[in-house]
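Architecture and fold: a report
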Amino acid sequence: MDTAGRTPPVGGTSVMARGLSATGNIARGIVRYLEGVLGADKYRVYLEHQARTHPGVAPMGEREFWRDYTDWQEKNPQGRCC
């Protein structure tokens, strides 16, 4: 204990800070999962694919991507709820 009666942090990081960090990681994981389920991550996945497989080629803008994606869905109906 220090002179103020507090317990010094373990390893330079307080237990509370580590707990908040873990909570933040869990929250980010949940958000990424929900984005995947709902399809909200499709543009991010597209950008990652473009950068990996077609470096130097400018990717579509987000608005253009979603327009192209919805057009593709209309031409290729698959089992979906709506």
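Model, not experiment: these values are computed from the prediction.

Here is what the cut-offs are and how they apply
- Residues numbered from 1 in each chain as written.
- Predicted model: local features only at pLDDT ≥ 70, side-chain atom pairs only at ≥ 80, totals over all residues.
- Heavy atoms only, no water.
- Helix = DSSP H or I, 4+ residues; strand = E, 2+ residues; numbered from the N terminus.
- Buried < 20%, exposed > 50% of the residue type's maximum accessible area, 1.4 Å probe, protein only.
- Areas by Shrake-Rupley, 256 points an atom, 1.4 Å probe, with all protein chains shown as cover.
- Phe/Tyr/Trp six-rings, centres within 6.5 Å; stacked < 30°, edge-to-face > 60°.
- Salt bridge = Lys/Arg side-chain N within 4 Å of Asp/Glu carboxyl O.
- Expected span 1.5 Å × (residues − 1).

Some remarks on the overall build of the protein
Along its length, the protein carries three helices and zero strands. Along its sequence from the N terminus, the protein presents helices and strands in the succession α-α-α. With 82 residues in all, the protein has 10% of them scored as buried. When the accessible surface of the protein is totalled, it reaches about 6,900 Å², and 60% of it is carbon and sulfur.

Comments concerning the packing of aromatic side chains
Under the criterion given, the structure shown has seven aromatic pairs. Taking 5.1 Å as the distance between ring centres and 75 degrees as the angle between the ring planes, the aromatic pair formed by Phe 65 and Trp 66 counts as edge-to-face. Using a relative accessible area of 8% as the deciding quantity, one classes Phe 65 as buried.

Comments concerning the pattern of salt bridges
Within this structure, the stated rule accounts for two salt bridges. With its nearest N and O atoms 3.0 Å apart, the salt bridge here joins Glu 48 to Arg 44. You can see Glu 48 and its partner Arg 44 sitting in helix H2 (residues 42-53), four residues apart, about one turn around the helix. Glu 48 gets classed as partly exposed once you look at its relative accessible area, which sits at 38%. Several salt bridges share partner residues, and in doing so they unite Asp 41, Arg 44 and Glu 48 into one network.

Considerations on helix H1 (residues 15-38)
Here H1 is 24 residues long and its end C-alpha atoms lie 35 Å apart, about the 34 Å a rise of 1.5 Å per residue gives. One or two steps after H1, the chain reaches Gly 39, where phi turns positive at roughly 85 degrees.

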